[in-house]
Amino acid sequence: MKKNSNDNDSVLIERVKNGDKGAFNFLVNKYYPRVYASLFSYTKSKEDSEDLAQQTFLKVWQQIESFRGDSAFFTWIYRIAINLAKNHFVSSGYKKQKVNTSIENAEIEISSYENIEAVLMHDQSMKQIKEFINNMPESLKTAFTLRESEGKSYEEISLITETPIGTVRSRIFRARESIIDYMQKELIGNE
Amino acid sequence: MNDIDKKISELYDGELDHDEIEGLLEIISGDPELQKKLSMYSLAGIASDFKTNEVVSINSNERSNKNIFSNIWLSNSLTAAASVLLTLTIVNNADFSRMDISSSSTNQISSAINSKEAKEVINKSEENLADYIIRVINDPNFMNSNESLDLRNVGFLSESKKAYTYSRGKENFKLRIEKNNFGLKKIRYWKHENKIIYLVPLSDGRVVTIYGNISLSTAISIAKSIT
């Protein structure tokens with residue numbers, strides 16, 4: 001079972017609907033890598049993936065009112081992204097379209113993504129991170145995998161692993177920090 | 001590691017108490033490093049679900065990714081080299097009625113084309129076509145048709161070592177034949193780098209896809225020789 005992101009993000013989505021740009025930027029930061037990866041696998045072009053990802057989040061901002069939570073939030077974003085990609089190829093004759101990312105004085109904060117894209121484009125890097133996750137202490141790996149791959153809530157993980165919910169929180173956080181530390185040292189060379 | 005980081009992790013998972021969210025969002029909005037951390041969390045999640053070939057490789061050679069960022073120019077050039085540039089330029093739509101292969105239904109389409117339903121169908125068809133063409137370009141096995149055709153009457157021979165490729169001098173192409181699920185009534189063709197992808201509807205309800213460095217007239221001759 002995949003993560004049911006509409007539940008996870010429902011509070012933030014409601015805030016975005018009320019014009020909270022901080023919540024919107026949080027969601028952009030959270031989903032940009034996945035959107036970019038999806039677009040890159042579709043377009044095979046870094047530049048187009050960047051342009052289309054920006055267009056995607058612009059549409060997300062413009063159309064957030066129409067999101068009713070019937071599907072996962074990422075599924076909704078994904079549909080927007082892929083439809084934009086298809087239209088881009090079909091109707092534009094592949095013309096480059098630079099998008100103004102300014103949204104009513106709120107800038108989509110995407111400046112820090114360039115390096116992450118580089119990692120995303122290397123499946124060898126992904127394999128290394130996956131291998132690192134597999135070699136993490138069992139307690140961290142289990143909590144992290146149940147959360148990220150199975151989409152379990154902290155409460156569900158607590159029940160499954162018969163561990164206090166506070167411990168689950170800590171384990172997931174420590175797993176993430178450990179993975180980021182690995183990325184910084186081994187993949188980015190930026191200790 | 002600090003409390004803010006831990007709360008970001010909890011907010012990322014939708015597990016943070018409501019009354020803590022607002023203050024945290026303000027802190028994150030003003031701190032690029034925290035925003036970057038959030039994206040790294042996302043990347044870690046992608047990696048946890050990663051399966052081989054899920055993310056397109058830009059370099060099949062095994063190599064260390066140490067200092068990958070300091071060599072960003074290298075990865076960019078590899079991207080350019082290895083990525084398929086989808087210059088899906090619709091060159092033209094040949095009028096199929098002139099090709100003497102099939103001209104039925106053209107009038108019906110013309111009369112219905114302004115209806116909302118028809119437009120929706122057409123838009124959907126265009127989406128399907130875009131998916132299809134992208135697959136033709138990107139999936140090296142997609143054009144490896146099981147059909148072995150004798151195209152000597154139009155001067156093309158099947159290459160012995162590449163059973164799926166037909167050639168005539170410097171001209172060569174691959175083809176596949178399938179049911180015309182696109183509803184194509186006209187020949188459509190797309191330019192991709194130095195090759196062209198032709199979709200030619202046949203009179204028997206099938207469509208032939210021809211992908212190679214051949215002219216439109218040659219593609220039509222090939223299609224005619226199939227029917």
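The rules we used
Residues numbered from 1 in each chain as written. Chains lettered and ligands numbered in written order. Predicted model: local features only at pLDDT ≥ 70, side-chain atom pairs only at ≥ 80, totals over all residues. Heavy atoms only, no water. Pairing = 2+ DSSP bridges. Helix = DSSP H or I, 4+ residues; strand = E, 2+ residues; numbered from the N terminus. Core = buried A, V, L, I, M, F, W, Y, C linked by side-chain atoms within 4.5 Å. Buried < 20%, exposed > 50% of the residue type's maximum accessible area, 1.4 Å probe, protein only. Axes fitted to C-alpha atoms, helices over the stretch in contact; angles between N-to-C directions. Left-handed = near helix turned anticlockwise from the far one by under 90°. Contact = heavy atoms within 4.5 Å. Nonpolar A, V, L, I, M, F, W, Y, C, P; charged D, E, K, R; others polar. Salt bridge = Lys/Arg side-chain N within 4 Å of Asp/Glu carboxyl O. Expected span 1.5 Å × (residues − 1). Polar contact = N/O pair within 3.5 Å; in protein donor to acceptor, adjacent residues only side chain to side chain. Phe/Tyr/Trp six-rings, centres within 6.5 Å; stacked < 30°, edge-to-face > 60°. Lys NZ or Arg CZ within 6 Å of the ring centre and 35° of its normal. pLDDT = per-residue confidence, 0-100.

1. Description of the pairing of strand S3 (residues 165-168) of chain B
Residue and element names in this part refer to chain B.
At step 1: Direction of pairing for strand S2 (residues 157-158) relative to S3: antiparallel, over a ladder of two bridges. The partner of Ser158 across the bridge, within S3, is Tyr166.
At step 2: As paired strands, S3 and strand S4 (residues 171-179) are joined by four bridges and run antiparallel to one another. Bridging from a neighbouring strand, Tyr166 pairs with Phe173 of S4.
At step 3: Taken together, S3 and the strand that follows it, S4, pair antiparallel across an intervening segment of two residues, in which Gly169 is found at a positive phi of about 65°.

2. With respect to the nonpolar core
At step 1: Counting residues in hydrophobic clusters, the biggest one holds 62 residues, and the most contacted among them are A:Phe57, A:Val60 and A:Phe73.
At step 2: A total of 12 residues in this core trace back to one element, the largest contributor, which is helix H2 (residues 21-43) of chain A.
At step 3: Formed by 21 residues, the second largest nonpolar core is a distinct cluster that contains B:Val154, B:Phe156, B:Leu202 and B:Ile220.

3. Describing the packing of H2(A) against helix H3 (residues 32-48) of chain B
At step 1: Relative orientation of the contacting elements H2(A) and H3(B) amounts to 40°, with a least axis distance of 8 Å. Here the hand of the crossing between H2(A) and H3(B) comes out right-handed. Facing A:Phe26, A:Asn29, A:Lys30, A:Pro33 and A:Arg34 of H2(A), the residues of H3(B) in contact are B:Gln35, B:Leu38, B:Ser39, B:Ser42, B:Gly45 and B:Ile46.
At step 2: Among the residues making up the contact of H2(A) with H3(B), the classes are represented as four nonpolar, five polar and two charged.

4. Re the pairing of S4(B)
At step 1: Bridge analysis of S4(B) against strand S7 (residues 206-212) of chain B gives seven bridges, and the strand direction is antiparallel. Within S7(B), the residue paired with B:Glu178 across the bridge is B:Val207.

5. Let's talk about the pattern of salt bridges
At step 1: Counting across every chain of the model gives 18 salt bridges over all chains.
At step 2: Where A:Glu148 meets A:Arg176, a salt bridge forms, and the shortest distance between an N and an O atom there is 3.0 Å. Remark: A:Arg176 occurs in helix H9 (residues 165-188) and A:Glu148 occurs in helix H7 (residues 138-148); sequence separation between them is 28 residues. In this pair, the class of A:Glu148 matches that of A:Arg176, namely buried.
At step 3: For B:Lys7, the salt bridge identified is with B:Glu20, shortest N-O distance 2.7 Å. Taken together, the positions of B:Lys7 in helix H1 (residues 3-12) and B:Glu20 in helix H2 (residues 18-29) put the pair 13 residues apart, joining distant regions of the chain.
At step 4: Residue B:Glu20 is classed as partly exposed on the basis of its relative accessible area, which comes to 27%.
At step 5: One connected set of salt bridges, linked through shared partners, spans A:Arg34, A:Arg147, A:Glu148, A:Arg176 and B:Asp13.

6. Looking at H3(B)
At step 1: Between the first and last C-alpha of H3(B) there are 24 Å, a value that for 17 residues agrees with the 24 Å anticipated at 1.5 Å per step.
At step 2: With a side-chain oxygen lying 2.9 Å from the backbone nitrogen of B:Glu33, the N-terminal cap of H3(B) falls on B:Asp31.

7. Some words on the side chain of A:Asp20
At step 1: Secondary-structure assignment places A:Asp20 in the loop between helix H1 (5-17) and H2.
At step 2: Here the side chain of A:Asp20 touches A:Gly22 through a polar contact of 2.9 Å, landing on its backbone nitrogen.
At step 3: In this structure A:Asp20 touches A:Arg15, A:Trp61 and B:Leu25, once residues within four positions along its chain are discounted.

8. Quick notes on the environment of B:Lys170
Residue and element names in this part refer to chain B.
At step 1: Mapped onto the fold, Lys170 is located in the loop between S3 and S4.
At step 2: Owing to a relative accessible area of 78%, Lys170 belongs among the exposed residues under this scheme.
At step 3: Separated by 44 residues in the primary sequence, Lys170 and Ile214 place their C-alpha atoms 9.3 Å from one another.

9. A closer look at the packing of aromatic side chains
At step 1: Tallied over the entire structure, the rule returns 14 aromatic pairs over all chains.
At step 2: Their ring planes at 20° and their centres at 5.8 Å tell us that A:Tyr31 and A:Phe74 sit as a pair that is stacked. You can see A:Tyr31 sitting in helix H2 and its partner A:Phe74 sitting in helix H4 (residues 73-91), a full 43 residues away along the chain. Each member of the pair, A:Tyr31 together with A:Phe74, is buried.
At step 3: In this arrangement the basic side chain of A:Lys30 is found over the ring face of B:Tyr12, its NZ or CZ atom lying 4.7 Å from the centre.

10. Examining unusual backbone geometry
Residue and element names in this part refer to chain A.
At step 1: Even without glycine at this site, Glu162 takes up a positive phi of about 50°.
At step 2: Note on placement: Glu162 falls in the loop between helix H8 (154-161) and H9.
At step 3: Overall, Glu162 belongs to the exposed group, its relative accessible area being 73%.

11. Digging into the confidence of the model for chain B
Residues and elements named next belong to chain B.
At step 1: Taken over all residues, the pLDDT of chain B has a mean of 66, while the share at 70 or more is 62%.
At step 2: By mean pLDDT, the top-scoring element of chain B is H1 (90), and the lowest-scoring one is helix H4 (residues 72-82) (26).
At step 3: Contacts from residues 52-115, a stretch scored under 50 in pLDDT, to residues over four places away or in other chains number 126 contacts.
At step 4: For this predicted complex, the interface score ipTM comes out at 0.79, while the overall pTM is 0.52.

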